[in-house]
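Here is what each chain is made of, one letter per residue.
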Amino acid sequence: MSGQTTEITDPENPKAEPRKFAFDHSYWSHDGFNEREDGYLEPAGAKYDDQQKVFEDLGKGVLDNAWKGYNCSLFAYGQTGSGKSYSMVGYGVNKGIVPLACEDLFRGISAKRESAVKDEEYQVTLSMLEIYNEQVRDLLNLKTLQKGGLKVRQHPTKGFYVESQSNWPVDSYDEINNKINEGTRNRTVASTNMNATSSRAHTIVAVSFVQKSSNEAGQNMTKTSVINLVDLAGSERAESTGATGDRLKEGSAINQSLSSLGNCIKALADISQGKKKVVVPFRDSVLTKLLQNALGGNSKTVMIAALSPADINYEETLSTLRFADRAKAIKTSAIVNESPTDKLIRELREENQRLMDMLKSGGGGASLEMGGGGQGKSGYSEDEVAEMKRALEEQVRQNAQELEDMKKSWAEKMQEGQQQTMAGMAQENKEHEEMKTTPHFWNLNEDPALTRMIIHFCRAGESKIGNRKADPAPEILLNGLSIQKEHAVITNNNNTVKIRPQVSAKVMVNGQEIKSETTLHHNDRVMFGSNLLFAFHHPQELEKQVKEGIKIETPTYDSAQEEIAQKSGLMKDIGGADGKSKEDLLLQEDLIQLLPMINEANAMSEELDKKVIFEIALVSSQARGVQDGKTEVMVKMRNMENENEWMFSRNDFINRKYLMQEMYANYMQGDADWDVPKERDPFWEPADTETLIGTVHVYLQSLGYMIELQENLAIADYKGVEQGHLTVEVQPCSEKWDNIEEDYFVDNPAELVGKKIYFKLKIPFARGLPQRFVQSFCRYKFYLEDKDVQTQVVSGTINPDFGHEKKYQLDVTKQLIEYIANSPLVIEIWGMQKGDSSPSKASTNNKNNKNNKTKALMKREKTIVNSPTTVTVSKDEKIKEEEEKYKSASEVNMYKKKAEKEEAKIHKIQEFLDSAKASGQTTIQASDLEALLANHPGNRGNKSSSTCAIL
């Protein structure tokens, strides 16, 4: 980064010209700093830009515009972990734009109040919303965390707004900070209860700043500014989480917001560049509706694009830069929001009267009265009429609330707000004091902002852990996947804390599942159920460790998940602890991300009684038939009733997991229609979906010698397990497609360069395929073919006769000879499985179902494999070893056939000589012998005489 320019270099091609992007500011904050005693990171040179520098450039501009009465918006966009929250909020003494701007705002208000005249007033209110799965939740009002979320309405002049959104008066940054912490805690609890993914949620904190004063004419004036602080969901691989090739790729509402935001920014950029007839799709998502003003309307907007400097994140970083590059082209039209207070009140009253008249007359211009057949006289349905009336009533209510607020003094508003928050603050202070002396759990979350938001105390004596169904209620209430009514018991005896899991309850300590009572120590990592991860804090042990000078490392969500992955045996399959390659690091990153997702998917399958189980599969390049490639993380879904299996790519599974979460959230909220039709069910896949049975590798060295090949090869799946046998034949031919003579061969493949070869590739049949397959076919690409060649599909047998034959006529090049000598032909065997694998809906009608078949099936799986989350690893060494054995055997077989052909040639010469002797000939013509030996490598080209004697 230099000045306004940001450059990025492809680590795969470091000699290539860097890609350059120009912005208003480019800040480097990765290294080049010194840490002061108080923890503040200050520049060690000109390269590093500290938090104060960013605030001076961006935050002060936002504040200046707010004082002038402009709406302002500040976006943070980028992949999770790239520094969005650090830039917006900061960490410790390294405060971000939000706290610095709020502190500066209240300093300015305090200064103004000291010299304020009569009727001069400064008011600040705060709201905090979350958008997840296209639903809006008010994080400062627990009562609104309800099924379906809050409604988004449209005001004729103010645009989109959230119905029943709460706005809290605040009078200092500390109050703002307390409210944001309260909203964050509520967000953490809500996401845990609904099993939501926090990194896929957008958070909007809106600070409303109202200035009331008198102008020179003596009019009471009101100047209003709304500062929107928007923390967008993690953008990592956002373009690919929709999945490619999956039937459910458009199904997830979770992916919709970021996609819609990108589409809106592209359309707005096109308009700014002069393109005509461009429609901006603001209505495509809740996020873009609420940010319409910020993106293309009445607002001064700043976007922060947070980048990761790690080369393994090159693609995501480049995507973020491109996104920001499009966004910078957008032009907004901000205006000062200032009007006489009396005028605002009068306009609100007039609008309220107009809306009341509309309601009384049935909606204004078009009558909303109902006619026959459930249709209104205006053509609206009964539901549409009801919804329109509700919208009008909500506008009346909203306007009435605004009128009431305008009439209230600021002191009255502050008093009301403080009464509601004082009790909460007192309880919070009490908890903070208790945390200093009492052992407790604090939550770990993938989003650092949501970590340490949930505290559970391990007070003296016995504390039971369970879910809301427990009676009496447990001391530690947990709601999440796989949490039992009676899950575990904590005992605290003189500050020695032990945990004892109940029968069938899942509890992990430091990455390992425990079955008996275990003593907990400071900073132990504890997982309850499938995904509730906590760290254990022991104040007395901490104090002792500090005195003894023991280095204390605070656990993080990532380190805890990495520990679980290591204890599961995953990490040993991707290289040692040191010296990992870029591919190994990417693989490790995918594994750590997917492992908790697999646990959650299995827990949801069990609770929803879907009868399927998921497991991670590490599929090597050799197993995929790629000579030089990386190991891929895939996910296998298996139906535990009929053993049908399907393999999903990482991105396809992640997309499905979001759909599972949507389904589970609806189930938890009591939605009667939570179980969607099977075509939209992420736990279901059609039996006739093409599924890879396995592959065979055919080495073609014999073709280079024009020797026929016939092999009966084992079909191996990605684990190297035999799944049947396939017969493959390669028959060299003449240009008329006749089989070449039995004794014909080429001594050196290089002799074929510049000539044409003709041969037939045959796949006659397969034998002994798995019983679950009712249809099968083969697919392959030979040499430079760009499209797959496919055999016919054979049904109703596990011993299919494909009868496949394809003729090849090729010009021989050195490249072809190299391919034939060293590269195997990979033939994939695909199949369609039998039976309809539709999940049963009959057994999932209520949450208290005692006949949950999946639970019993999962229990059986645990008995067999010790864990419901099996990790299946393709055995590279085994596959390589088998491949080398087959390659060697092919070479031996080829040389054996070559020797047989030479023997046949010698036999033919002997027969010719015996025939000549029998006829009394003492000489033979050289031309006859040459014709006989034309293909014999030892005599090719010898012409010693026109005749030779028979000895």
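Residues numbered from 1 in each chain as written. Predicted model: local features only at pLDDT ≥ 70, side-chain atom pairs only at ≥ 80, totals over all residues. Heavy atoms only, no water.

On to the overall build of the chain. Across its full length, the chain holds 20 helices and 42 strands. Buried positions account for 49% of the 951 residues belonging to the chain. The long-range fraction of contacts in the chain, counting pairs at least 24 apart against all pairs at least 6 apart in sequence, stands at 68%. Within the structure as shown, the chain displays about 46,600 Å² of accessible surface, and the carbon and sulfur contribution to it stands at 47%. (Helix = DSSP H or I, 4+ residues; strand = E, 2+ residues; numbered from the N terminus. Buried < 20%, exposed > 50% of the residue type's maximum accessible area, 1.4 Å probe, protein only. Contact = heavy atoms within 4.5 Å. Areas by Shrake-Rupley, 256 points an atom, 1.4 Å probe, with all protein chains shown as cover.)

Turning to the pattern of salt bridges, a few remarks are in order. With the rule as written, the count across this model stands at 36 salt bridges. Of the charged contacts, one joins Asp 38 and Arg 36 as a salt bridge, the two residues approaching to 3.2 Å between their closest N and O atoms. The exposure class assigned to Asp 38 is partly exposed, which follows from its relative accessible area of 43%. As a salt-bridge pair, Asp 590 and Arg 650 come within 3.1 Å of each other at their nearest N and O atoms. (Salt bridge = Lys/Arg side-chain N within 4 Å of Asp/Glu carboxyl O.)

Per the UniProt record, "binding site: ATP" (unreviewed entry) is annotated on Gly 78, Gln 79, Thr 80, Gly 81, Ser 82, Gly 83, Lys 84 and Ser 85. Following the sequence through the fold, Gly 83 ends up in the loop between strand E5 (72-77) and helix H2 (84-88). Along the chain, the position of Ser 85 falls in helix H2. The exposure class assigned to Ser 85 is partly exposed, which follows from its relative accessible area of 30%. What Ser 85 contacts, discounting residues up to four positions off in sequence, is Gly 90 and Asp 231. (UniProt positions renumbered as here; feature names shortened; annotations may be inferred.)

Here the focus is the packing of helix H13 (residues 557-567) against helix H14 (residues 582-607). In the contact formed by H13 and H14, the axes pass within 9 Å of each other and the chain directions differ by 90°. If you check the angle between H13 and H14, you find them roughly perpendicular. Here Tyr 557, Asp 558, Gln 561, Glu 562, Ile 564 and Ala 565 of H13 lie close against H14, whose contacting residues are Gln 588, Ile 592, Leu 595 and Pro 596. Considering only residue class, the contact of H13 with H14 consists of 6 nonpolar, 2 polar and 2 charged. (Axes fitted to C-alpha atoms, helices over the stretch in contact; angles between N-to-C directions. Parallel < 35°, antiparallel > 145°, perpendicular 65-115°, else oblique. Nonpolar A, V, L, I, M, F, W, Y, C, P; charged D, E, K, R; others polar.)

Taken together, 6 strands build an open sheet; the order of strands is E18-E17-E27-E26-E23-E24 and the sheet is antiparallel. With one partner strand each, in any of the chains shown, strand E18 (455-457) and strand E24 (512-513) form the two edges of the open sheet. Where strand E17 (residues 440-443) and strand E27 (residues 532-537) come together, 4 bridges link them in antiparallel fashion. By the bridge assignment for E27, His 440 is matched with His 537. Each of strand E23 (507-509), E24, strand E26 (525-528) and E27 is contacted by H13, which is oriented at about 75° to E26, the strand it contacts most. (Pairing = 2+ DSSP bridges.)

Our next topic: the sheet that holds strand E21 (residues 488-493). Read from one edge of the open sheet, 5 strands run E20-E19-E21-E22-E25, paired in mixed fashion. The open sheet terminates on both sides in strands that have one partner only, identified here as strand E20 (476-477) and strand E25 (518-519). When strand E22 (residues 496-501) meets E25, the two strands line up antiparallel, connected through 2 bridges. Residue Lys 498 lies in a different strand from E25, and its bridge partner there is Thr 519.

Of all hydrophobic cores here, the largest spans 42 residues; its most connected members are Leu 594, Phe 614, Ile 616, Phe 653 and Phe 683. Secondary-structure elements contributing two or more residues to this core are E18, E27, H13, H14, strand E28 (612-619), strand E29 (632-639), strand E30 (645-649) and helix H15 (650-668). Per-element accounting of this core gives the leading share, 9 residues, to H14. Counting 39 residues, the second largest nonpolar core, distinct from the first, contains Leu 703, Ala 766, Val 794 and Leu 816. (Core = buried A, V, L, I, M, F, W, Y, C linked by side-chain atoms within 4.5 Å.)

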